[in-house]
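Reading the structure
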Amino acid sequence: MTKKRVLSGMQTTGKLHLGNLLGALTNWVSMQDHLDCYYFAADWHALSSNYEDTEQLQENMLDLGINWLSAGLDPEKSTLFVQSYIPEHAMMHLLFSMITPIPWLERVPSYKEKMAQVEKDLRSYGFLGYPVLQAADIVLYQANFVPVGIDQLPHLELTREIVRRFHDIYKTKVFVEPEGKISEVPKLPGIDGRKMSKSYNNAIYLSDTKENIINKIKNVVTDPARVKKTDPGDPNKCVAFNFHKVFSSAEENEITAVECKKAARGCVACKEQLASNLLNYLEPLLEKRHFWMGRPSNVFDILKEGTRKARLVAKDTLERAETSMNINFRKVLGDR
Ligand code: TRP
């Protein structure tokens, strides 16, 4: 039986935090054994909102590769590649742009939301077409499943609509209609209790040192009603307890909850235990990060080989799309 194909991408917009690790990477890693996985660095997507400030893009690519390998993505099992090195993504995007009605794009929730949130001028052609590029990314690999965060589901719906429209217009079935796959992940807030995000300055990064991490855990918000150590606390109102639920054992958490409610243990001790559990959890990843950080050229070699493999698939799909659109001239002009 052939394995179902999975594809997903991450923008190269900056360092990864614990939320990215638990929300996406861990899930990617868990799919490697039973699915045919293609994962890529979406550097063109990163450009769509960072077009003015591209200084970090080189560094971000390497850091992303290092984090992937450190979190357990295995190039023997998954194809790891770079979007901007596969021109077929841009070509497929162009072809899709011909058939995608502008109102479909203006309706995508992330379009207006991000435009309102970000203090940059995002009234660009590329930003409006962001989900068209994403559709191109997905269909080129005939992906059955696309593991993404819930905010990305409208992009998947749009991808399916573009695929149907293409099939409808050109009367040949070229693409697989992909399905979004939301991962069942433990919810991890930022250290202030809001969503963990670079822009809120409340994230714990995979690139943080152990000392950094310990300090950030010290600052995790606890039940605001528990002012003194002798005040009883409510674990359900405590951000640190949310972290415990992810990184500490169920037995530990039972005791923690009881002791918190009885004021038998203070928040400082409670967070020390949390920091120690979190560091234990991260230890293997941090060790591997250290290993790969010393071998950037090996990281790039892995991406290079993955990109070579992925491109073969992308080329094949693009050629079939061109054939069905009657714009395939290979018979008379030869290969490009
Ligand atoms: N838009 C995705 C995000 O911001 C990244 C992405 C680009 C992607 N192309 C993709 C995800 C294709 C899945 C499939 O998270």
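Note that the structure is a prediction, hence the values are computed from the model and not measured.

Here we look at the packing of helix α4 (residues 88-99) against helix α14 (residues 296-324)
- Interaxial distance between α4 and α14 falls to 10 Å at its minimum, and their mutual angle equals 25°. Classified by the interaxial angle, the pair formed by α4 and α14 is roughly parallel. Note that α4 runs across α14; the crossing there is left-handed. Together, Glu88, Met91, Met92 and Leu95 of α4 and Arg311, Ala314, Lys315, Leu318, Ala321 and Glu322 of α14 make up the contact between the two elements.

Side note on the pattern of salt bridges
- Evaluated as defined, the whole model comprises 19 salt bridges.
- Between glutamate 283 and lysine 210 there is a salt bridge; the shortest N-O distance is 3.3 Å. Of this pair, glutamate 283 sits in helix α13 (residues 267-293) while lysine 210 sits in helix α10 (residues 210-218), and the two are 73 residues apart along the sequence.
- On the accessibility criterion, glutamate 283 (26% relative accessible area) is partly exposed.
- Overlapping salt bridges, with partners in common, bring together Glu157, Arg160, Arg164 and Glu177 in one network.

As for the packing of aromatic side chains
- This model, assessed by the stated rule, comprises 15 aromatic pairs.
- Relative to phenylalanine 81, the ring of tyrosine 38 lies with its centre 6.4 Å away and its plane at 70°, an arrangement referred to as edge-to-face. Of this pair, tyrosine 38 sits in strand β2 (residues 36-42) while phenylalanine 81 sits in strand β3 (residues 79-82), and the two are 43 residues apart along the sequence. Pair check on accessibility: tyrosine 38 and phenylalanine 81 agree, each one buried.
- For the pair phenylalanine 247 and tyrosine 281, a centre-to-centre distance of 5.0 Å together with 70° between the ring planes defines the contact as edge-to-face. Of the two residues, phenylalanine 247 sits in helix α11 (residues 239-247) while tyrosine 281 sits in helix α13, which places them 34 residues apart along the sequence.
- Here the aromatic residues Tyr38, Phe40, Phe81 and Tyr141 are joined through ring pairs into a cluster of three or more.
- Positioned above the aromatic ring of phenylalanine 291, the side-chain terminus of arginine 295 is 3.7 Å from the ring centre.

Here we look at the domain arrangement of the protein
- Here the protein is partitioned into domain 1 (5-187 + 295-333) and domain 2 (208-291).
- Once you take the C-alpha centre of each, domain 1 and domain 2 turn out to be 36 Å apart.
- In this assembly, 14 residues from domain 1 lie in contact with 10 residues from domain 2.
- Across the interface of domain 1 and domain 2, roughly 1,000 Å² is buried in total on both sides, 61% from carbon and sulfur atoms.
- The largest share of the area that domain 1 buries against domain 2 comes from Leu18, Ser70 and Arg295, three residues that together contribute 46% of it.
- There are one salt bridge connecting domain 1 and domain 2.
- Taking the shortest distance from any N to any O, the salt bridge between aspartate 63 and arginine 289 comes out at 3.3 Å.
- Between domain 1 and domain 2 we count four residue pairs in polar contact (both at pLDDT 80 or more) in total.
- Residue assignment for the side of domain 1 that touches domain 2 shows that the elements contributing at least two residues are α1 (18-31) and α3 (57-71).

What counts, and where the lines are drawn
- Residues numbered from 1 in each chain as written.
- Predicted model: local features only at pLDDT ≥ 70, side-chain atom pairs only at ≥ 80, totals over all residues.
- Heavy atoms only, no water.
- Axes fitted to C-alpha atoms, helices over the stretch in contact; angles between N-to-C directions.
- Helix = DSSP H or I, 4+ residues; strand = E, 2+ residues; numbered from the N terminus.
- Parallel < 35°, antiparallel > 145°, perpendicular 65-115°, else oblique.
- Left-handed = near helix turned anticlockwise from the far one by under 90°.
- Contact = heavy atoms within 4.5 Å.
- Salt bridge = Lys/Arg side-chain N within 4 Å of Asp/Glu carboxyl O.
- Buried < 20%, exposed > 50% of the residue type's maximum accessible area, 1.4 Å probe, protein only.
- Phe/Tyr/Trp six-rings, centres within 6.5 Å; stacked < 30°, edge-to-face > 60°.
- Lys NZ or Arg CZ within 6 Å of the ring centre and 35° of its normal.
- Domains from an automatic or database assignment.
- Buried area = accessible area lost by both parts, 1.4 Å probe.
- Polar contact = N/O pair within 3.5 Å; in protein donor to acceptor, adjacent residues only side chain to side chain.

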